[in-house]
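One-letter residues, chain by chain:
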Amino acid sequence: MKFAPWIKLFGGVKLVRKKIRGQLIKASGDASWVSEQVVDGYTAAAAHDLDGTLKAFLAMAERREPERLRPHLAEVRCPVRLLLGTATHEGGVSAEEVAVLAAALPLFIVDSVPGAGHFIYEEQPAVVVTAVRRLRGS
């Protein structure tokens with residue numbers, strides 16, 4: 001985000017689209033879902049108001065949460081199901097983070113999703129629907 005002020009100078013929305021497209025592909029196990037229409041959806045706000053979008057991202061980057069989440073995990077009483085894509089991809093949840101969740105959350109399940117990356121809801125939406133139905137008990 002330190003380069004946000006330069007985005008308008010070096011390509012504006014075209015640069016944002018290129019970077020978002022690249023990030024979506026790198027974080028995916030199967031990037032076939034990353035079409036021009038999808039990139040349009042992910043960049044619509046920037047295309048509509050680039051200044052506002054950049055200001056919002058800068059503000060988010062500067063903010064810090066007032067409380068740590070970890071001490072409050074045991075207070076979560078609803079079931080938590082974490083879907084993890086097994087394909088090699090950028091980003092994601094580390095094994096250490098999964099261990100913290102497993103130790104602290106009373107009702108925690110991890111499901112692996114073969115072939116998916118970070119964007120499971122885009123790459124394999126039926127898997128997400130099935131997981132939600134399992135949590136609901138239907």
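Just so it is clear, the structure is predicted and the values come from calculations on it, not from any experiment.

Q: I would appreciate a short explanation of the overall build of the protein chain in the present structure.
A: Along the backbone of the protein chain there are 7 helices and 2 strands. The C-alpha radius of gyration of the protein chain comes to 18 Å, more than 25% above the 14 Å expected for a compact globule of 138 residues. Dimensions of the protein chain along its principal axes, counting C-alpha atoms only, are 50 × 40 × 25 Å. Relative to all contacts within the protein chain whose residues are 6 or more apart in sequence, the contacts with residues 24 or more apart total 71%. Split by element, the accessible area of the protein chain, about 9800 Å² in all, is 59% carbon and sulfur. Counting 18 positive and 15 negative side-chain charges, the protein chain places the averaged centre of each group 2 Å from the other.

Q: Is there a simple way to explain the packing of helix α2 (residues 12-26) against helix α3 (residues 36-48) in this structure?
A: The description of two packed helices rests on the angle between their axes and on the distance between the axes. Where α2 contacts α3, the two axes come as close as 10 Å, and the packing angle between them is 130 degrees. Judged by the inter-axis angle, α2 sits oblique to α3. In this structure, α2 meets α3 at a crossing whose hand is right-handed. Counting all contacts with α2, which are made through Val 13, Val 16, Arg 17, Ile 20, Arg 21 and Leu 24, the residues of α3 involved are Glu 36, Val 39, Asp 40, Tyr 42, Thr 43, Ala 46 and Ala 47. Considered class by class, the residues forming the contact of α2 with α3 number 8 nonpolar, 1 polar and 4 charged.

Q: I keep staring at the packing of aromatic side chains and nothing clicks. Help me out?
A: The way to describe two aromatic rings as a pair is by their centre distance and the angle between their planes. Taken as a whole, this structure holds 4 aromatic pairs when the rule is applied. For the pair Trp 33 and Tyr 42, a centre-to-centre distance of 6.2 Å together with 55 degrees between the ring planes defines the contact as tilted. Looking at Tyr 42, the relative accessible area reads 34%, which means it is partly exposed. Between Tyr 42 and Phe 119, the ring centres sit 6.3 Å apart and the planes meet at 85 degrees, which makes this aromatic pair edge-to-face. Residue Tyr 42 is found in helix α3, and its partner Phe 119 is found in the loop between β2 (108-113) and α6 (120-123); the two are separated by 77 residues along the sequence. Put simply, the rings of Trp 33, Tyr 42, Phe 119 and Tyr 121 touch in pairs and so form one group of aromatic residues.

How each quantity is defined
Residues numbered from 1 in each chain as written. Predicted model: local features only at pLDDT ≥ 70, side-chain atom pairs only at ≥ 80, totals over all residues. Heavy atoms only, no water. Helix = DSSP H or I, 4+ residues; strand = E, 2+ residues; numbered from the N terminus. Rg over C-alpha atoms; globule rule 2.2 N^0.38 Å. Contact = heavy atoms within 4.5 Å. Areas by Shrake-Rupley, 256 points an atom, 1.4 Å probe, with all protein chains shown as cover. Lys, Arg positive; Asp, Glu negative; His and termini not counted. Charge placed at Lys NZ, Arg CZ, Asp CG, Glu CD. Axes fitted to C-alpha atoms, helices over the stretch in contact; angles between N-to-C directions. Parallel < 35°, antiparallel > 145°, perpendicular 65-115°, else oblique. Left-handed = near helix turned anticlockwise from the far one by under 90°. Nonpolar A, V, L, I, M, F, W, Y, C, P; charged D, E, K, R; others polar. Phe/Tyr/Trp six-rings, centres within 6.5 Å; stacked < 30°, edge-to-face > 60°. Buried < 20%, exposed > 50% of the residue type's maximum accessible area, 1.4 Å probe, protein only.

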